[in-house]
Amino acid sequence: HRSAMQATQVPPGHGATESYRSSGSTGTPIEITVNGLVTLVNTALRWRYHSWNSLSWAEPMVIWQLDAQASPGGIVPLGPWGPKWSPESTGVSWGVAKDIDTETMASFLTDSRSAYVNRGPKAMHVFALDCERLGLRPSFDAILCQGEACDESDREAFHRVFGARAVELYSAKESGHIAHPCEHGSLHLAEEAIFVELLNEAGDPCEVGETGDVTVTPLYFTAQPVIRYQLGDMAEYAPPCACGRKSRVLGKIHGRSTAIFSHPDGRAILRFLPASAKGILQCGPWQLAQTGPLEFEMRYVPMGIADEIALTVLFKETFFPEAQLRFLQVERIQPQPSGKYLEYVNEYAGAR
């Protein structure tokens, strides 16, 4: 299910190795050993992702993903972020601690005239709502989203609060870059660097439009080969893109398999509430959790008068009619240790 084979020797010429741990969003974190070849390939793929989406290496960028101990004072300069071979690579970058407060971050984005912010979409959605609540309006061109799926409610919040577009990158620590969007917004697999399979419950390859487990084999992890590793994501293929590129296209990335809700009769579904649900609940961040066989809890940050009765009706129509939904107002939704926000999570120990 999750296989990673450790090579006994590092191939010559690929540089020193380093190890890091995956975030563990779908279970136990694993330790990954990489060498310079991984950095080289991921960097090349990242530059292609930039060029496909008309990012300018002459503009400033903020990378809002550092741990507090790696960024004394919350903000550290990182130097130019574009390729050294390009004369356009004059834009500077800053690393920012994940736990920096909203007012400081909004002020820094304005003062630094940053064009791009690199952070997970759910964390940026929370930041957008906080800025809106406080009357702060930092403006920039794009949010480079990675680490989790970006949905329409995220994109709407980014545009409304920041005037920014979302540019999604699909990647994982366990596999490197998986897919990036073209100018049409289609997620093209980086097939020259990674072999991606979408497998159904029987372990067979999925057809276009069929949802399956994302299973990856990066082709350049020579220090520690990773073979047919299931990331815990669910996704589906889309038809070929109108841009003319020949690489396969991912359609919907439905999110983590931890968001699969179960029924005592054995049914299991991966389904989400429509975007209108947040308007019904008049809330900011939220988290829907399965806590028992048919018990669910909606944790949400209130921003108005919630219609919990209407939301309950919508919940029962979307999931299980006989399920019970409890509401819990909170001051904030606690992020994962990786900094990610999980909107749907199955916490029931008896789930499949």
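Note: the structure precedes this text.
Because the structure is predicted, anything quoted here is derived from the model rather than measured. (Residues numbered from 1 in each chain as written. Predicted model: local features only at pLDDT ≥ 70, side-chain atom pairs only at ≥ 80, totals over all residues. Heavy atoms only, no water.)

K.L.:
Whenever I open this one, the pattern of salt bridges confuses me. Can you help?
P.N.:
Two side chains that carry opposite charge are able to pair once their charged atoms sit near each other. Evaluated as defined, the whole model comprises 17 salt bridges. A salt bridge links Glu168 to Arg155; the nearest nitrogen and oxygen atoms lie 3.3 Å apart. Separated by 13 residues along the polypeptide, Glu168 in strand β8 (residues 165-168) and Arg155 in helix α4 (residues 152-162) bring together distant segments of the chain. Of the residues examined, Glu168 reaches a relative accessible area of 11% and is grouped as buried. Judged by its relative accessible area of 28%, Arg155 is partly exposed. A salt bridge links Arg228 to Glu197; the shortest N-O distance between them is 2.8 Å. Linking Arg228 in the loop between β13 (212-218) and β14 (229-238) with Glu197 in strand β12 (residues 194-199), this pair joins segments that are 31 residues apart in sequence. Linked by salt bridges that have partners in common, Lys122, Asp151, Asp154, Lys278 and Glu343 make up one network. (Salt bridge = Lys/Arg side-chain N within 4 Å of Asp/Glu carboxyl O. Helix = DSSP H or I, 4+ residues; strand = E, 2+ residues; numbered from the N terminus. Buried < 20%, exposed > 50% of the residue type's maximum accessible area, 1.4 Å probe, protein only.)

K.L.:
Hey, could you run me through the side chain of Ser247 in this one?
P.N.:
Counting through the fold element by element, Ser247 comes out in the loop between β14 and β15 (249-256). Residue classification places Ser247 among the buried residues on the basis of a relative accessible area of 19%. Polar side-chain contacts of Ser247 include one of 3.1 Å to the side chain of His188. Sequence-distant contacts of Ser247, defined by excluding residues within four places in its chain, comprise His188, Leu189 and Glu191. (Polar contact = N/O pair within 3.5 Å; in protein donor to acceptor, adjacent residues only side chain to side chain. Contact = heavy atoms within 4.5 Å.)

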